[in-house]
Amino acid sequence: MNGRGEGVSESDEPTRLWGGRFAGGPAEALARLSVSVQFDWRLAPYDLLASRAHARVLANAGLLDADELGRILAALDDLASACAAGEFRPTIEDEDVHTALERGLLERLGTLGGKLRAGRSRNDQVATDLRLYLRDHARGVAVALIELADALTEQAARNVDTPAPGMTHVQHAQPVSFGHWLLAHVQPLLRDLERLRDWDTRTAISPLGSGALAGSSLPLDPAAVAKELGFTAPAANSMDAVADRDFVAEFLFVTALIGVHLSRLGEEVVLWTSTEFGWVELDDAFATGSSIMPQKKNADIAELARGKSGRLVGGLVAVLTMLKGLPLTYDRDMQEDKEPAFDAVDTLELLLPALAGMISTMTVRVDRLAAAAPVGFSLATEVADWLVRKGVPFREAHEITGKLVALCSARECELEDVTDDDLKTISEHLDPSVREVLSVSSALAARTTPGSTGPGPVADQLATVQHKLDNWRQWAVEKVVPR
Ligand code: ARG
C-alpha cells in the first residue's frame, strides 16, 4: 500500500502532535513511511468515543469547566457526524487518525481543542481504539459466521436421511448421512464463535489512562473511562497496556483458523461439484463461467474461500513476527498490527456472505450420493461388527472380512453378490444371515450412539446445533459500547 490513501486531500497547514523540539519538519521520505492515516482512519469513530470519555474524566478532575466540557462534547459530536458524512476527511499531512481528529477539533474549538490531549497519549489511545474496533467487528464476523452455519444447518436438515460415502484418505470408508457430513462443518464454526467470545472477554480491558507508558500525574479515572467504553475493567499495568498486542495476535489466530475451516469446506465443494463426484450443483448466481469454454460452471466462491485462507494465516504470522523481540513498551513497529487485523475483518466480511449464499442455494444430488454410498466395499466394517456380535474377536473378524473383500475384488462383484458356499468357504463363522447388515440403510440405522451418523443421533445433533446458533445470534448483536 502506498502512503497516500484514497480520500486523502491537500491542505497547507500541517497539524502535528509533536515538533516543539525539532528544527524543521520531517523529510518527505520519513513522512511517507510514517503516515498511517490511509489505513487507520477507520478507527476514527472509536477514537472519538474514547475522546468523549476522556473529556468527561478531565472535567471530573477539575481540568475542564462545565462550559469547556459542553463545548468539547458538542465539537466531538459535530466531528463524528462530519466524519460519518465524509465531510471531514484526513489530509496527506495528517500522520495518523489521532492527528487528523485533533486537527478537526482545533478547527472547531481553537485553543480549547488542545486541552483534550492532557493525560493521554497516542500509545494508550491507539491500543484503546483498536480494541474497540476489533470487539465491534468480531460481532460482525460472528453474524456472518452464523449465517453460514445456518445455511449448512438448513441443508443438513434436508439431508439427515441422505446416504453418502464417508471418506478417509479421500477413499470410500463407511456410509454416513450427508446431513451429518454438513453438520461436521458447522461444529468447527460453533467453536470459532466460542473462540471469538472468549477472545472478547480478555480483550474487554481498557488501556486508556496509561498515557505513554507510566500512567498519569493528573487525577484521571481509568475505571470510569473503561465503564463508559463498555470495557469490564481498566488495565492492571500501564506498561503492559500500551505494549500488549496479544489481543491482535489472538484475534488473528481465530480469524486464521476460521479461514482454515472455510478453506476445508471450500475444497469439499470443489470436489462435490466436479463431474467425477457430481454430488452437488451450484445455483447459477453463485457459480462462474469460462471466457472460452461455454460449458463451464466453476465453484469460484469455494476456491476463493480456499485461497483467502493464505492471507488470513499470513496476517497472524506477520503480527507474531512483528511482536517477537520488541522491548517494552510501545515501539513504532506496532503500527504494523493494524493492516493485517483490518484485512482479516474485511476478508471475512466479504467471503462469509458469499459462502452462505452458495451453500444455501446449492442443490444436493441425493440420487448420486445414495448410489455412491455403498461403493468401494464401504459396508465391510458392518460384516466385521456382525461377526463381533457373534462372539468372534475383532482381530479375526477383520481378517475374515478382508478375505471376503479380496474375493469380491477379484471377481469384481459387491459384497452381497457372494454365494452361500463362498461365505462358508471363507469362514465357518459366516452364514447367509450376514446379508442383513449389507445395506446402507441398515448400516446407518445401526448407529444409535450419541454423535454417530444414524438418523436418531443426527436429528438430536441438529436440534442442539439450532439451539446453540439461536444463542449465538443474541451475543452477536450486543452493542460493544453502550450508547
Ligand atoms: N500510528 C501509531 C500506531 O498505530 C499511533 C501511536 C503512535 N505513537 C507514537 N509514540 N509514535 O501505532
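Residues numbered from 1 in each chain as written. Predicted model: local features only at pLDDT ≥ 70, side-chain atom pairs only at ≥ 80, totals over all residues. Heavy atoms only, no water.

1. Things to note about the overall build of the chain
- Along its length, the chain carries 18 helices and 6 strands.
- For the chain, whose C-alpha radius of gyration is 30 Å, the value lies well above the compact-globule estimate of 23 Å for 483 residues.
- Dimensions of the chain, computed from the C-alpha atoms along their principal axes, are close to 100 × 55 × 40 Å.
- Across the 483 residues that make up the chain, the buried fraction comes to 49%.
- The contacts of the chain with a sequence gap of at least 6 include a subset with a gap of at least 24, amounting to 78%.
- For the chain, the distance from the average position of its 48 positive side-chain charges to the average position of its 70 negative side-chain charges is 3 Å. (Helix = DSSP H or I, 4+ residues; strand = E, 2+ residues; numbered from the N terminus. Rg over C-alpha atoms; globule rule 2.2 N^0.38 Å. Buried < 20%, exposed > 50% of the residue type's maximum accessible area, 1.4 Å probe, protein only. Contact = heavy atoms within 4.5 Å. Lys, Arg positive; Asp, Glu negative; His and termini not counted. Charge placed at Lys NZ, Arg CZ, Asp CG, Glu CD.)

2. Here's the deal with the packing of helix H10 (residues 246–272) against helix H11 (residues 300–323)
- Between H10 and H11, the least distance of the axes is 7 Å, while the angle of their chain directions is 160 degrees. Judged by the angle between their axes, H10 and H11 are roughly antiparallel. Considering how the two elements wind past one another, H10 and H11 form a crossing that is left-handed.
- Taken together, the residues that form the contact of H10 with H11 break down as 16 nonpolar, 6 polar and 3 charged. (Axes fitted to C-alpha atoms, helices over the stretch in contact; angles between N-to-C directions. Parallel < 35°, antiparallel > 145°, perpendicular 65-115°, else oblique. Left-handed = near helix turned anticlockwise from the far one by under 90°. Nonpolar A, V, L, I, M, F, W, Y, C, P; charged D, E, K, R; others polar.)

3. Some thoughts on the site of the ligand
- Close to the ligand lie Ser-36, Asp-40, Asp-96, Arg-122, Asn-123, Val-126, Tyr-330, Gln-335 and Lys-338.
- A distance of 3.4 Å is found between a nitrogen atom of the ligand and a side-chain nitrogen or oxygen belonging to Ser-36.
- Between the ligand and the protein, one listed contact pairs an oxygen atom with a side-chain N or O atom of Lys-338 at 2.5 Å.
- Protein contact buries 87% of the 340 Å² of open area that the ligand shows by itself.
- Among the elements that line the shell around the ligand, the one with the most residues is helix H6 (residues 122–158), at 3 residues.
- Taken together, the residues of the shell around the ligand break down into 2 nonpolar, 3 polar and 4 charged. (Near = heavy atom within 4 Å. Polar contact = N/O pair within 3.5 Å; in protein donor to acceptor, adjacent residues only side chain to side chain. Areas by Shrake-Rupley, 256 points an atom, 1.4 Å probe, with all protein chains shown as cover.)

4. Considerations on the packing of aromatic side chains
- In the structure shown here, the tally under the stated rule is 10 aromatic pairs.
- Both rings, one in Trp-181 and one in Trp-279, keep their centres 5.5 Å apart while their planes meet at 80 degrees; by these two values the pair is edge-to-face. Taken together, the residues Trp-181 in helix H7 (residues 178–203) and Trp-279 in the loop between H10 and strand E5 (280–281) connect sequence positions 98 residues apart.
- On the basis of relative accessible area, Trp-181 is assigned to the buried category, the value being 12%. (Phe/Tyr/Trp six-rings, centres within 6.5 Å; stacked < 30°, edge-to-face > 60°.)

5. As for the side chain of Thr-347
- Looking at where Thr-347 falls in the secondary structure, it is placed in helix H12 (residues 338–361).
- Setting aside its immediate chain neighbours within four residues, Thr-347 contacts Lys-308, Arg-311 and Leu-312.

6. Describing the side chain of Gln-38
- Note on placement: Gln-38 falls in helix H2 (residues 37–40).
- Here Val-35 takes part through its backbone oxygen, which lies 3.4 Å from a polar atom of the side chain of Gln-38.

7. A word on the pairing of strand E1 (residues 163–168)
- Sheet analysis places E1 next to strand E2 (residues 171–177), joined by 6 bridges and oriented antiparallel. Residue pairing in the sheet places Ala-164 in a bridge with Val-176 of E2.
- What sits between E1 and E2 in their antiparallel hairpin is a turn of 2 residues, with His-169 showing a positive phi close to 55 degrees. (Pairing = 2+ DSSP bridges.)

8. Some remarks on the confidence of the model for the chain
- Mean pLDDT for the chain: 95, with 97% of residues reaching 70 or above.
- Counting interchain partners and residues more than four positions distant, the pLDDT-below-50 stretch residues 1–11 has 23 contacts. (pLDDT = per-residue confidence, 0-100.)

9. Considerations on empty space enclosed by the protein
- Applying the stated rule across the entire model yields 3 cavities of 30 Å³ or more.
- Volume-wise, the largest cavity comes out at about 110 Å³.
- Along the wall of the largest cavity there are 14 residues; nearest its centre are Ser-51, His-98, Leu-101, Glu-102 and Arg-120.
- Of all the secondary-structure elements, those providing two or more residues to the lining of the largest cavity are helix H3 (44–60) and helix H5 (97–109).
- Per-element accounting of the lining of the largest cavity gives the leading share, 4 residues, to H5.
- By residue class, the composition of the lining of the largest cavity is 6 nonpolar, 4 polar and 4 charged. (1 Å grid on protein atoms, 1.4 Å probe; cavity = no way out; pocket = protein on both sides within 12 Å on 5 of 7 lines; lining within 4 Å. Points joined across faces, edges and corners; volume = space filled by probe spheres on them.)

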